[in-house]
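As a plain string of letters, each chain reads:
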Amino acid sequence: MRPFLDNRNALGLAFMLPAAALLLVFLTYPLGLGLWLGFTDARIGRPGHWIGIDNFESLFGDSLARLSLFNTLFYTVIASVVKFALGLWLALLLNRHLPFKAFLRAIVLLPFIVPTALSAIAFWWIYDAQFSVVSWLLVKMGLIDTYIDFLGEPWMARFSTIAANVWRGVPFVAICLLAGLQTISPTLYEAAALDGATEWQKFRHVTLPMLTPIIAVVMTFSVLFTFTDFQLIYVLTRGGPLNATHLMATLSFQRAIPGGNLGEGAALAMAMAPFLLAAILFSYFGLQRRAWQQGGGDK
Amino acid sequence: MASVTLSAVRKSFGSTEVVHGVDIGVEDGEFCVLVGPSGCGKSTLLRMIAGLEEISGGRIAIGERVVNGVAPKERDIAMVFQNYALYPHMSVYDNMAFSLMLAGESREQTRLRVEEAALILGLEEYLRRYPRQLSGGQRQRVAMGRAIVRKPQVFLFDEPLSNLDAKLRVAMRTEIKALHQRLRTTSVYVTHDQIEAMTMADKIVVMNAGRVEQIGAPLELYDDPANQFVAGFIGSPAMNFLAGRMARNGAGFAVAVGGGVHLPIPVRAEIPEGREVVVGVRPEHFVVADDGVPAEVVVVEPTGADTQIFCKLAGVDVTAVVRERHAFRPGAAVRLKPQLTFLFDPASGTRLA
């Protein structure tokens, strides 16, 4: 035992083992299994046979799969843009000297803390065709005559689920951007004020560029979360009406578990990977690395 | 270029007043240094001139124009901050060009002005670099370059050298002074370092606890301090103070500083005998002489050019700086004689003689 413990490398390896085991069991194995299943015709209760890229080929011709891709892209793009805009706005507001600052910041985090399934149920009620509080309020205010069918019509359902996703995702964006804003030295704004910058110019030339590294990280995460969203959709609409809100994640689950086609579901899930990879690469190369951050040395 | 006039300027944060009615006149082209211990209100005053702090009372005028309600960018001033406040995401060139860009200056004009400033400050080679890639002294120069390109009426400096190491601080001090002699732009410079104040200023404003203690040329303050605070603040090492009573010393005057020691006063002072006074002696005004008062050497610090002797005189710590080389040992007796003294009122600190 002693020589083993005295060996730096052996000891290091031993310490790494628990983490490596966790990664292998809970990350690499499911991912590998999913990838493997995507190339088989496995069904529930029957181990599959290797069928090459048949699953992927059939996905190309599958109008529902293509619809789910459109839905996912639409959902991700709109929700992310709105989350970014609202989150930045909220962060800028919270960065000011407000009364009860700590309390307000805690409140903002609430939607993020509530379990998704729970808040989805709350939204289910808010969007209910008969009991919607929003419809009730609008009717009482005399703005509309009949109750809105939030989840009953394709486009209405798309926007309603996006709204729920935005509600849930804004706190994350806002708090992260707030943390970024607080790293910007106040003297920079004073210097900009003396240089003749208006409030907008200060935002445009100081705040925004200094925030880009954090924006890149936050929005990458936000896009990944949104693109792979499952819980909210599954509780609110189960992909309906007319598959209008089926995302790739929900459709993949639908096909694999209730539908029993493990291979097809896995292939659909795998088809999300290139989009996610693209999002990561875009933020990594496009936004994150800037010369001014790297500092030091001559160039 | 313009003068800067402060009349009865006050500043309060909530119910706490930190600047209590300050009157300062800085003439056109003058280099004025506000100096005082930290918390004396000098930086607040500078920020009020810049427009970064609201003025709670009184008037600030730049040239003929009262600027109390004027936004910082309308005041035609430039400021160099203690931490430089360079935009980290902009190159040196863009940092210097930023204000011109905002003012809608043409590309060609901007380039000329930035290059001119870079030439003055020796920054031509660094224009493409980012602030992170520069040393402290270079960043300091960029901060000054940013001020210069605007050709403002007034330069404001907020402790610009305090982040530099001692050697660079001395070099930059000279550089700033040379720059001022070249551009002749009215400058207001804040520092807590009295040596900076003495070496750079045309006019020094000594501040303490939100009030102006004295305004004058560097040597005026040194030779003729208005009160004990200014006397103690200006000059390095600081002036020695001994409390005592006026007494006669044969034909001349003396101050009985306790322990039977009569410190001779070289000047004739119209102060009644027995009055309590504080006598101030600058370290460099002590000489070692046989007819001096006795003191006990504690520490001797030779610096080469002169020697600092820390000793106990009538139970009080005093410092003497002498040019000649004495081989004193700690604990040895020494006789010190003041050649020049100042007398202050113990209660108010005002100068008596």
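So, how was this worked out
- Residues numbered from 1 in each chain as written.
- Chains lettered and ligands numbered in written order.
- Predicted model: local features only at pLDDT ≥ 70, side-chain atom pairs only at ≥ 80, totals over all residues.
- Heavy atoms only, no water.
- Helix = DSSP H or I, 4+ residues; strand = E, 2+ residues; numbered from the N terminus.
- Rg over C-alpha atoms; globule rule 2.2 N^0.38 Å.
- Buried < 20%, exposed > 50% of the residue type's maximum accessible area, 1.4 Å probe, protein only.
- Contact = heavy atoms within 4.5 Å.
- Areas by Shrake-Rupley, 256 points an atom, 1.4 Å probe, with all protein chains shown as cover.
- Lys, Arg positive; Asp, Glu negative; His and termini not counted.
- Charge placed at Lys NZ, Arg CZ, Asp CG, Glu CD.
- Domains from an automatic or database assignment.
- Buried area = accessible area lost by both parts, 1.4 Å probe.
- Salt bridge = Lys/Arg side-chain N within 4 Å of Asp/Glu carboxyl O.
- Polar contact = N/O pair within 3.5 Å; in protein donor to acceptor, adjacent residues only side chain to side chain.
- Nonpolar A, V, L, I, M, F, W, Y, C, P; charged D, E, K, R; others polar.
- Core = buried A, V, L, I, M, F, W, Y, C linked by side-chain atoms within 4.5 Å.
- pLDDT = per-residue confidence, 0-100.
- Arc of directions from axis to C-beta.
- Pairing = 2+ DSSP bridges.
- Axes fitted to C-alpha atoms, helices over the stretch in contact; angles between N-to-C directions.
- Patch = residues over 30% accessible without salt bridge, like charges linked within 9 Å, V, L, I, M, F, W, Y side chains within 5 Å.
- Parallel < 35°, antiparallel > 145°, perpendicular 65-115°, else oblique.
- Left-handed = near helix turned anticlockwise from the far one by under 90°.

Q: Even after reading the chapter, I still don't get the overall build of chain A, so can you show me in this structure?
A: Per the secondary structure count, chain A includes 15 helices and zero strands. In summary, chain A has a C-alpha radius of gyration of 24 Å against a globular reference of 19 Å for 299 residues, an excess of more than 25%. Across its three principal directions, the C-alpha atoms of chain A cover 80 × 70 × 40 Å. Residue burial in chain A is summarised as follows: out of 299 residues, 40% are buried. Taking the intrachain contacts of chain A between residues at least 6 apart in sequence as the baseline, contacts between residues at least 24 apart amount to 67%. Surface summary for chain A: the accessible area is close to 16,900 Å², and the carbon and sulfur share equals 72%. The average position of the 19 basic charges and that of the 15 acidic charges among the side chains of chain A differ by 7 Å.

Q: When you look at the overall build of chain B in this model, what are you seeing that I'm missing?
A: Of regular secondary structure, chain B possesses eight helices and 19 strands. Projected onto its principal axes, the C-alpha positions of chain B cover 80 × 45 × 35 Å. Here chain B holds 353 residues, and 52% of them are scored as buried. Considering only residue pairs separated by 6 or more positions, chain B has 65% of its internal contacts joining residues 24 or more positions apart. Within the structure as shown, chain B displays about 15,400 Å² of accessible surface, and the carbon and sulfur contribution to it stands at 48%. On chain B, the mean spot of the 39 positive side-chain charges and the mean spot of the 40 negative ones are 3 Å from each other.

Q: Help me out: how do you make sense of the domain arrangement of chain B in this one?
A: How big an interface is tends to be expressed through the accessible area that disappears when the partners come together. All names here are of chain B. Looking at the assigned domains, one finds that chain B contains domain 1 (4-233) and domain 2 (240-344). Inter-centroid distance (C-alpha atoms) of domain 1 to domain 2 is 39 Å. Each partner contributes residues to the interface: domain 1 has eight residues there, and domain 2 has seven residues. Between domain 1 and domain 2, roughly 640 Å² of surface is buried when both sides are summed, and carbon and sulfur atoms account for 59% of that area. Area buried by domain 1 at its contact with domain 2 is led by Tyr222, Gln228 and Ala231, which between them contribute 74% of it. Linking domain 1 with domain 2 are zero salt bridges, by the criterion used here. Inspection of the region where domain 1 meets domain 2 yields two residue pairs in polar contact (both at pLDDT 80 or more). Secondary-structure elements contributing two or more residues to the side of domain 1 that touches domain 2 are helix H7 (218-223) and helix H8 (228-233). Classifying every residue of the side of domain 1 that touches domain 2 by side-chain character gives four nonpolar, three polar and one charged.

Q: Would you mind showing me how to read the pattern of salt bridges here?
A: Side-chain pairs of opposite charge can arise whenever the charged atoms involved come near each other. Taken as a whole and assessed by the stated rule, the structure comprises 22 salt bridges over all chains. A salt bridge links Glu105(B) to Arg113(B); its shortest N-O distance comes to 3.5 Å. Judged by its relative accessible area of 16%, Arg113(B) is buried. A salt bridge links Arg248(B) to Glu273(B); the nearest nitrogen and oxygen atoms lie 3.6 Å apart. With Arg248(B) in strand S11 (residues 240-249) and Glu273(B) in the loop between strand S13 (262-265) and strand S14 (276-281), this pair connects stretches of sequence that are 25 residues apart. The partly exposed category is assigned to Arg248(B), whose relative accessible area is 44%. In this structure, a network of salt bridges that share partners links the residues Glu190(A), Lys11(B), Arg47(B) and Glu53(B).

Q: Explain the nonpolar core here, please?
A: Inside soluble globular proteins, nonpolar side chains tend to come together where they are buried. By size, the foremost hydrophobic cluster in this structure holds 59 residues, and its most contacted members are Leu45(B) and Leu156(B). The dominant element in this core, judged by the number of residues it contributes, is helix H10 (residues 199-227) of chain A, at seven residues. Apart from residues lying up to four places away in sequence, Leu45(B) is in contact with Leu6(B), Val9(B), Val19(B), Val22(B), Ile24(B), Leu34(B) and Met207(B). Counting 44 residues, the second largest nonpolar core, distinct from the first, contains Leu86(B), Ala117(B), Val142(B) and Ala147(B).

Q: When you look at the interface of chain A and chain B in this model, what are you seeing that I'm missing?
A: Contact with chain A, which involves 25 residues of that partner, is made by 25 residues of chain B. Regarding the contact of chain A and chain B, the summed buried area is about 2,200 Å², with carbon and sulfur atoms giving 62% of it. A salt bridge links Asp195(A) to Arg150(B); its shortest N-O distance comes to 3.6 Å. Viewed at the interface, chain B and chain A are joined by six residue pairs in polar contact (both at pLDDT 80 or more). Looking at the side of chain A that touches chain B, the elements with two or more residues in it are helix H9 (186-194), H10 and helix H15 (291-294) of chain A. A per-element tally of the side of chain A that touches chain B places H9(A) first, with seven residues. Of the residues in the side of chain A that touches chain B, the class split is 11 nonpolar, 10 polar and four charged.

Q: It is not clear to me how the confidence of the model for chain B should be interpreted in this structure. Could you clarify?
A: Any residue range with low pLDDT should be treated as having predicted coordinates unsuitable for detailed reading. Considering every residue of chain B, the mean pLDDT works out to 90; 99% of them sit at 70 or more. Here strand S12 (residues 252-256) of chain B is the element of chain B with the lowest mean pLDDT, 83, and strand S3 (residues 31-35) of chain B is the one with the highest, 95.

Q: Whenever I open this one, helix H6 (residues 116-126) of chain A confuses me. Can you help?
A: Owing to its 3.6 residues per turn, the α-helix aligns residues three or four sequence positions apart on the same side. Residue and element names in this part refer to chain A. The set of residues buried in H6 consists of Thr116, Ser119, Ala120 and Phe123. Looking straight down H6, one finds its buried side chains confined to an arc of 105°; they lie on one side. Turned more than 90 degrees away from the buried face of H6, the exposed residues are Leu118 and Trp125. The elements touched by buried residues of H6 are helix H8 (154-182) and helix H11 (231-236).

Q: Would you mind showing me how to read the sheet that holds S14(B) here?
A: Across a sheet, paired strands are connected by hydrogen bonds in the backbone, their directions being either parallel or antiparallel. Residue and element names in this part refer to chain B. Here five strands make up an open sheet; going across it, the order is S13-S12-S11-S14-S19 and the pairing antiparallel. The open sheet has two edge strands with one neighbour each: S13 and strand S19 (342-344). Recorded for the sheet is a direction-independent mean angle of 45° between the axes of neighbouring strands. The pairing of S11 with S12 spans five bridges and is classified as antiparallel. Residue pairing across strands places Asn249 opposite Gly252, the latter belonging to S12.

Q: Hey, could you run me through a nonpolar patch on the surface in this one?
A: On the surface, Leu98(A), Phe100(A), Phe103(A), Leu104(A), Ile107(A), Leu110(A), Phe112(A) and Ile113(A) cluster together into a nonpolar patch covering about 790 Å² of accessible area. Residue position: Phe103(A) is located in helix H5 (residues 101-113).

Q: What am I meant to see in the packing of helix H2 (residues 92-102) of chain B against helix H3 (residues 107-121) of chain B here?
A: Each packed pair of helices is defined by two parameters, the angle between the axes and the distance between the axes. Residue and element names in this part refer to chain B. Between H2 and H3, the shortest axis-to-axis distance is 10 Å and the interhelical angle comes to 130°. What the angle tells us is that H2 and H3 run oblique. Between H2 and H3 lies a crossing of right-handed hand. On H3, the residues touching Tyr93, Met96, Ala97 and Leu100 of H2 are Thr110, Arg111, Arg113, Val114 and Ala118. Its residues assigned to classes, the contact of H2 with H3 shows six nonpolar, one polar and two charged.

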